[in-house]
Amino acid sequence: MTTTMEKKPNYYMYFPDNYRWSAEMLGILSTGPYGGADISEVDRVGRSLRDHVGDDNAWFWAWRESGDRLFARATTAAAKGHKLTAASTFLRACAQYQHADHFRQPKDEHAMAVFRQSLECFRQFIALTDRPRIEAVEVPFEASSLPAYFIHAENTSEKRPPCVVRFGGFDTQKELQYLRGVHELARRGFSVLLVDGPGMGEAIRFRNIYLRHDYETVGSACLDYLATRPDVDMNRVGIVALSLGGYYAPRCASLDHRFKVCVAWAAQWDYHATWQHRVERLKKASLSVPADHLLWVCGVKTFDEALKKLEGFRLEGIVQKMECPFLLTHGTDDEQVPISEAQTLFDAVGSKDKTFRIFTPEEGGAQHCQRDYLTLVCDVMGDWLEEKLK
């Protein structure tokens, strides 16, 4: 599906006539300050795709081939004992493999293979990097478990530092989340639990754990896991989630008051209604991934079935129960979720201590999840967490 733009945007677009591809390119480039991208490597792939805009098969193979180049370079560096060169290169290879997979529907053997390769790259990064210290862990969840990473706090003498639980959204797994300011949180003295929840990353690909509306079960499972660790202060645990996570985080914090702060990194209000509108105008909808991604994460075959599964994705009657400090970030030009819905969410939240941080084109960060100014929103959230959780 090719999504065209009908008006001139107020942000950088690599592919001016295609929202989805340009949003993904901006998402890739914005992770540069956190080790996720190098502009030369990204532009090399982008230039190779200029005559194939909208062809998701071409996208997949271009990014996979670029990931292969980085993987080979990293492997050579590691063999020669150049650990830091290898670590940083494995990290970028992981990102490129996962961005290749993003637009691959259905998730065929090629998609699954490239995702497994991305996980191997991240494992190599963990083993070779000098900082931060990262553990691959399992969060017990119902009859199974959720794959996660525990990133240890730095620059602190506390035996039990505060911790932030982080979820992605509709299409951002834990490895790509890491590239969105996580190691900066660690530098600020926070530990971070990065989780692939239902419908995300490894959880759906290799464990068949599909998207579900009762995300408080996931949030509570994370808290139960953290309570078993001797290196977490359970009186200072917060939750941050982006994009569709603007539904997850408020729901979790509203229904499990062990969360002491909550950050919704972009708003959601009624996700069922959002998809009703999208299905009606599918060819023109501004989406971050192909629409069939919805069918896959829900484990269904038709959009009618998917809409049925989304009926519970509403925050009315839920967020009024929130008591902890709440931060909502949203851009005025967010094309996926209008700012009016963000205002509805903010007004409904029951917390007395709540902050609505709006980003404009003039300042930067006006796009979905501030992909057009990632360092700014990460600093805003980091500063707020320091004020509320430390």
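Scroll up a little and you will see the structure.
A short tour of the structure in this document, coming up. Everything numeric in this text was worked out from a predicted model, so none of it was measured.

Analysis parameters
- Residues numbered from 1 in each chain as written.
- Predicted model: local features only at pLDDT ≥ 70, side-chain atom pairs only at ≥ 80, totals over all residues.
- Heavy atoms only, no water.
- Helix = DSSP H or I, 4+ residues; strand = E, 2+ residues; numbered from the N terminus.
- Rg over C-alpha atoms; globule rule 2.2 N^0.38 Å.
- Buried < 20%, exposed > 50% of the residue type's maximum accessible area, 1.4 Å probe, protein only.
- Contact = heavy atoms within 4.5 Å.
- Disulfide = S-S within 2.5 Å.
- Pairing = 2+ DSSP bridges.
- Axes fitted to C-alpha atoms, helices over the stretch in contact; angles between N-to-C directions.
- Right-handed = clockwise from strand over helix to strand, strands pointing away.

1. Points about the overall build of the protein chain
Secondary structure assignment for the protein chain yields 15 helices and 8 strands. On C-alpha atoms alone, the protein chain measures out to a radius of gyration of 20 Å, which is about the 21 Å that the 2.2 N^0.38 rule sets for 390 residues. A principal-axis box enclosing the C-alpha atoms of the protein chain has dimensions of 55 × 50 × 45 Å. Across the 390 residues that make up the protein chain, the buried fraction comes to 62%. Excluding contacts between residues fewer than 6 apart, the proportion of contacts in the protein chain whose partners are at least 24 apart in sequence is 72%.

2. Remarks on the state of the cysteines
Evaluation of the coordinates by the stated rule reveals 0 disulfides. With no disulfide of its own, Cys163 lies closest to Cys222 among cysteine sulfurs, the gap being 9.4 Å. Cysteine Cys252 remains unbridged, with the sulfur of Cys222 as its closest cysteine sulfur at 7.6 Å.

3. Details of the sheet that holds strand β4 (residues 191–195)
Pairing within the open sheet is mixed, and its 8 strands lie in the order β1-β2-β4-β3-β5-β6-β7-β8. The sheet terminates laterally at β1 (134–141) and β8 (354–359), the two strands that pair on one side only. Within the sheet, the average angular offset between the axes of one strand and its neighbour, ignoring direction, is 20°. Both strand β6 (residues 261–265) and strand β7 (residues 326–331) contribute to a ladder of 4 bridges, which runs parallel. Residue pairing in the sheet places Val263 in a bridge with Leu327 of β7. Of the strands in this sheet, β3 (163–167), β5 (237–242), β6 and β7 are in contact with helix α10 (residues 245–255), which crosses β5 at around 155°.

4. Considering the pairing of β5
Counting buried residues in β5 gives 6 out of 6 residues, a clear majority hidden from the surface. By the alternation rule, side chains of β5 split into Val237, Ile239 and Ala241 and Gly238, Val240 and Leu242, which are all buried. Pairing between β3 and β5: 5 bridges, direction parallel. Among the inter-strand pairings, Val164 is bridged to a residue of β5, identified as Gly238. When β5 meets β6, the two strands line up parallel, connected through 5 bridges. Within β6, the residue paired with Leu242 across the bridge is Trp265. Since β5 and β6 lie parallel, the crossover through α10 that links them has a hand, and here it is right-handed.

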